Amino acid sequence: MQLERVLHSQGFGSRKACRIMVRQGEVTVNGDACDDPFAEFDTENLNFSVNGEPWRYREKAYLMLHKPANYECSHRTQHHPTIYSLLPYPLVARDVQCIGRLDEDTTGLILLSDDGQFIHRMSSPKWKVPKVYEVTAKHAVDEKQISDLVKGVQLVDEPAPIAALACKQISDHVIHLTLAEGKYHQVKRMVAAISNRVEGLKRIRIGELSLPDDLAVGQWRWLDEAALVLLNQQPKNERVSA
Ligand code: URA
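Values in this document were obtained by computation on a predicted structure and should not be read as measured data.

## Let's talk about helix α7 (residues 225-232)
Note that an α-helix has 3.6 residues per turn; residues three or four places apart therefore point the same way.
For step 1, the next point in the chain: A227, L228 and L231 are the residues of α7 that are buried. Buried residues of α7 fall within an arc of 100° about the axis and therefore sit on the same side. Summarising the geometry of α7, the exposed residues directed more than 90 degrees from the buried face are E225 and A226.
For step 2, the next point in the chain: Contacts from the buried residues of α7 go to β5 (62-67), β7 (107-113), α4 (116-123), β11 (198-206) and β12 (209-210).

This is the structure:
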């Protein structure tokens with residue numbers, strides 16, 4: 001692929017802007033300076049740098065982000081900065097989208113991609129990717145509340161009770177709640193339905209992929225092959241009895 005097209009495909013601007021960057025000597029490819037925008041490169045294992053910043057060619061972008069509190073998941077935010085401001089501009093320019101939104105006060109694992117099929121599958125209600133939330137409740141959580149969450153609770157505007165796939169007590173006020181759906185404010189509404197209240201909410205796992213301990217709040221990273229394999233596995237039926 002021509003270098004100009006490589007850069008354009010990776011979000012570095014219009015083809016004309018990429019051509020100019022190359023001609024101005026801002027780009028190296030596999031360690032060597034290249035000022036010919038029409039030079040051809042094999043995109044397999046292609047490493048390049050733009051103004052000294054290293055990149056690898058990726059046909060599609062798959063990443064995870066440790067969302068901080070007080071960030072919104074939409075592009076046009078109302079009260080807080082957008083999570084997209086935590087990503088480098090080429091990723092935003094190539095239009096990565098978050099897969100399922102978290103509330104502005106929720107922290108934790110968010111996946112982003114520009115692969116429409118992957119986004120569709122991961123967010124499809126049919127695929128039922130389990131998501132695990134660490135919930136800090138206002139009141140101590142008792143056994144009856146846990147069993148109600150797993151048996152199913154009736155939410156306003158829902159035709160039938162909704163059950164958690166699993167609910168594990170971590171401490172008096174903390175539970176790990178596994179859900180198969182991603183309905184609006186679902187955790188907060190389910191916890192309210194058992195007469196408790198969410199005081200802190202963090203998503204710690206999506207499918208088989210856990211939020212890595214070493215991914216600091218506000219940081220993002222590429223999903224590696226192993227992570228993609230985990231995510232592409234057919235979700236297991238995690239439902240457990242209380
Ligand atoms: N459920 C909620 O209530 N909020 C979130 O951010 C995610 C799930």
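## Quick look at the site of the ligand
For step 1, the next point in the chain: Around the ligand, the structure places L102, D103, T106, Y133, H185, Q186, V187, K188 and L201.
For step 2, the next point in the chain: Within the side chain of D103, one N or O atom sits 2.7 Å away from a nitrogen atom of the ligand.
For step 3, the next point in the chain: In the model, an oxygen atom of the ligand is placed 3.5 Å from a nitrogen or oxygen of the Q186 main chain.
For step 4, the next point in the chain: Looking at the shell around the ligand, the element that brings in the most residues is helix α6 (residues 186-193), giving three residues.
For step 5, the next point in the chain: Here the residues of the shell around the ligand sort into four nonpolar, three polar and two charged.
For step 6, the next point in the chain: When residues of the shell around the ligand are sorted by domain, at least three fall in each of domain 2 (62-126 + 213-231) and domain 3 (131-206).

## Details of the pairing of strand β10 (residues 174-179)
For step 1, the next point in the chain: Of all six residues that make up β10, six are buried, and the element is covered over most of its length.
For step 2, the next point in the chain: Burial along β10 is two-sided: V174, H176 and T178 facing one way and I175, L177 and L179 facing the other are all buried.
For step 3, the next point in the chain: The sheet contact formed by strand β8 (residues 131-137) and β10 spans six bridges and is antiparallel. Opposite E134, over in β10, you have H176 as the bridge partner.

## Notes on the packing of aromatic side chains
For step 1, the next point in the chain: The tally for this structure, following the rule as stated, stands at five aromatic pairs.
For step 2, the next point in the chain: Seen in terms of ring centroids, F12 and W55 are 5.3 Å apart; in terms of plane orientation they differ by 90°. Their pairing is edge-to-face. One end of the pair, F12, is in the loop between α1 (3-9) and α2 (15-23); the other, W55, is in strand β4 (residues 53-56), and 43 residues separate them in sequence.
For step 3, the next point in the chain: F12 sits in the buried class, given a relative accessible area of 5%.
For step 4, the next point in the chain: Sitting above the plane of the W222 ring, R58 keeps its charged end 3.8 Å from the centroid.
For step 5, the next point in the chain: Across the ring face of W127, the terminal group of R121 is positioned such that the distance to the ring centre comes to 5.2 Å.

## A look at the pattern of salt bridges
For step 1, the next point in the chain: Applying the stated criterion across every chain, the model contains nine salt bridges.
For step 2, the next point in the chain: Between R94 and D114 there is a salt bridge, with the nearest N and O atoms lying 2.8 Å from each other. Residue R94 is found in the loop between α3 (89-93) and β6 (97-98), and its partner D114 is found in the loop between β7 and α4; the two are separated by 20 residues along the sequence.
For step 3, the next point in the chain: The closest approach of N and O atoms between K183 and E158, which form a salt bridge, is 3.7 Å. Separated by 25 residues along the polypeptide, K183 in the loop between β10 and α6 and E158 in the loop between α5 (143-151) and β9 (166-169) bring together distant segments of the chain.
For step 4, the next point in the chain: Judged by relative accessible area, K183 falls into the partly exposed class, the value being 33%.
For step 5, the next point in the chain: Through salt bridges with shared partners, a single ionic network connects E4, R15 and R19.

## A short note on the side chain of S124
For step 1, the next point in the chain: With respect to the secondary-structure elements, S124 resides in the loop between α4 and β8.
For step 2, the next point in the chain: Given the relative accessible area of 16%, S124 is considered buried.
For step 3, the next point in the chain: Among the polar contacts listed, one links the side chain of S124 to the backbone nitrogen of K126, at a separation of 3.0 Å.

## Quick look at the sheet that holds strand β3 (residues 47-50)
For step 1, the next point in the chain: Sheet architecture is open: four strands sit in the order β2-β1-β3-β4, paired in antiparallel fashion. Of all strands in the sheet, those with a lone pairing partner are β2 (32-33) and β4, marking the two edges.
For step 2, the next point in the chain: The sheet contact formed by β3 and β4 spans four bridges and is antiparallel. What sits directly across from N47, in β4, is R56.

## Here's the deal with the pairing of β11
For step 1, the next point in the chain: Where β7 lies against β11, two bridges are found, and the strand directions are parallel. Among the inter-strand pairings, T107 is bridged to a residue of β11, identified as K202.
For step 2, the next point in the chain: Two strands pair when backbone bridges link them, and β8 and β11 are joined in this way by seven bridges, in the antiparallel orientation. Looking across to β11, one finds that V132 is bridged to R205.

Conventions used here
- Residues numbered from 1 in each chain as written.
- Predicted model: local features only at pLDDT ≥ 70, side-chain atom pairs only at ≥ 80, totals over all residues.
- Heavy atoms only, no water.
- Buried < 20%, exposed > 50% of the residue type's maximum accessible area, 1.4 Å probe, protein only.
- Helix = DSSP H or I, 4+ residues; strand = E, 2+ residues; numbered from the N terminus.
- Arc of directions from axis to C-beta.
- Contact = heavy atoms within 4.5 Å.
- Near = heavy atom within 4 Å.
- Polar contact = N/O pair within 3.5 Å; in protein donor to acceptor, adjacent residues only side chain to side chain.
- Nonpolar A, V, L, I, M, F, W, Y, C, P; charged D, E, K, R; others polar.
- Domains from an automatic or database assignment.
- Pairing = 2+ DSSP bridges.
- Phe/Tyr/Trp six-rings, centres within 6.5 Å; stacked < 30°, edge-to-face > 60°.
- Lys NZ or Arg CZ within 6 Å of the ring centre and 35° of its normal.
- Salt bridge = Lys/Arg side-chain N within 4 Å of Asp/Glu carboxyl O.

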